[in-house]
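Each chain, letter by letter, is given below.
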Amino acid sequence: MKRKDYIKWDEYFMGIALLSTERSKDPNTSVGACIVSQDNKILSVGYNGMPIGISDDDFPWSREGDPLNTKYLYVCHAELNAILNYTGTNIKGAKIYTTLFPCNECTKAIIQKGISEIIYKSDKYSDTDTVIASKKMLDAAGVTYRQYTPIGKDITLSL
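Analysis parameters
- Residues numbered from 1 in each chain as written.
- Predicted model: local features only at pLDDT ≥ 70, side-chain atom pairs only at ≥ 80, totals over all residues.
- Heavy atoms only, no water.
- Patch = residues over 30% accessible without salt bridge, like charges linked within 9 Å, V, L, I, M, F, W, Y side chains within 5 Å.
- Areas by Shrake-Rupley, 256 points an atom, 1.4 Å probe, with all protein chains shown as cover.
- Salt bridge = Lys/Arg side-chain N within 4 Å of Asp/Glu carboxyl O.
- Lys, Arg positive; Asp, Glu negative; His and termini not counted.
- Charge placed at Lys NZ, Arg CZ, Asp CG, Glu CD.
- Helix = DSSP H or I, 4+ residues; strand = E, 2+ residues; numbered from the N terminus.
- Buried < 20%, exposed > 50% of the residue type's maximum accessible area, 1.4 Å probe, protein only.
- Polar contact = N/O pair within 3.5 Å; in protein donor to acceptor, adjacent residues only side chain to side chain.
- Contact = heavy atoms within 4.5 Å.
- 1 Å grid on protein atoms, 1.4 Å probe; cavity = no way out; pocket = protein on both sides within 12 Å on 5 of 7 lines; lining within 4 Å.
- Points joined across faces, edges and corners; volume = space filled by probe spheres on them.
- Nonpolar A, V, L, I, M, F, W, Y, C, P; charged D, E, K, R; others polar.

Draft legend 1. Focus on a positive patch on the surface. A surface patch of like charges, here positive, comprises K2, K4, K8 and K153. Along the chain, the position of K2 falls in the segment before helix 1 (9-21). Since its relative accessible area comes to 62%, K2 is described here as exposed.

What follows is the structure, given as C-alpha cells:
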C-alpha cells in the first residue's frame, strides 16, 4: 500500500521556493521563487541577491538612508532571477511559486514572459504602491494569483 502522507504539488514547489530563500544573503527579507511548467516540472529557481559578478560584500544591504547606500537599487529580486535563470525558450503558461508577493517590476517580467499564475506565501506589503500596482497589472493581464495555504507539516533537513 502506498504512503498517504506525501506532500502535494503546492507544498513541494513552495518548499523549493522556501529552500531557495536560504541562498539569499539579505539580512532582512530573504525571498525565493520556483517556476513550474503546466505539467509540474521545475523550470527554474531564484532568490534575491546581487547580480552575478557583483560582490555582495561591496554593496549595501541597508534598508534605510540615502538610496545609493541601500540595497534597493542593487538587489535582483527572486522572481526576476528565476526568470533570468531559465535556460529554455518558452515559459508561457507556467506558474511561479514565490515566498513574497511580487513587486511591480517583477510583475512586469512575469506578464511579459507569459506566466499564467502566481502562488505566493506572504503578502506583507499589500498596502504598498508597488503591490497595488502589481495586482492592477495582473488583473488587467488575466494572470491569476492566490495565497498559498500551509498544511501545517514540518519537514526537517539536515545538511
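And the narrative resumes.
Draft legend 2. Just the side chain of T21, in detail. Residue position: T21 is located in helix 1. On the accessibility criterion, T21 (11% relative accessible area) is buried. Of note is the side chain of T21, whose polar atom sits 2.5 Å from the backbone oxygen of L18. When neighbours within four sequence positions are excluded, T21 is seen to be in contact with S30, V31, G32 and T99.

Draft legend 3. View of the side chain of N104. Checked against the element boundaries, N104 lands in helix 3 (residues 104-113). Given a relative accessible area of 18%, N104 falls into the buried group. Engagement of the side chain of N104 in a polar contact is seen with the side chain of E105, the distance being 3.4 Å. Setting aside residues up to four positions removed in sequence, N104 forms contacts with T130, A133, S134 and M137.

Draft legend 4. Examining the layout of surface pockets more closely. Reported here for the largest pocket is a volume of approximately 630 Å³. For the largest pocket, the lining is made up of 26 residues, of which Y72, H77, L100, C103 and Y125 are closest to its centre. The greatest single-element share of the lining of the largest pocket, amounting to four residues, is contributed by helix 3. In terms of residue class, the lining of the largest pocket is made up of 14 nonpolar, six polar and six charged. Space inside the second largest pocket adds up to approximately 500 Å³. Taken together, 18 residues make up the lining of the second largest pocket; nearest its centre are E11, M14, G15, L18 and I155. Element by element, the count of residues in the lining of the second largest pocket is highest for helix 1, at seven residues.

Draft legend 5. Main features of a nonpolar patch on the surface. Among the surface-exposed residues, W9, Y12, I42 and V45 lie close enough to one another that they form a single nonpolar patch of about 360 Å² accessible area. For the nonpolar patch, the elements supplying multiple residues, two or more each, are helix 1 and strand 2 (42-47). Topologically, W9 is positioned in helix 1.

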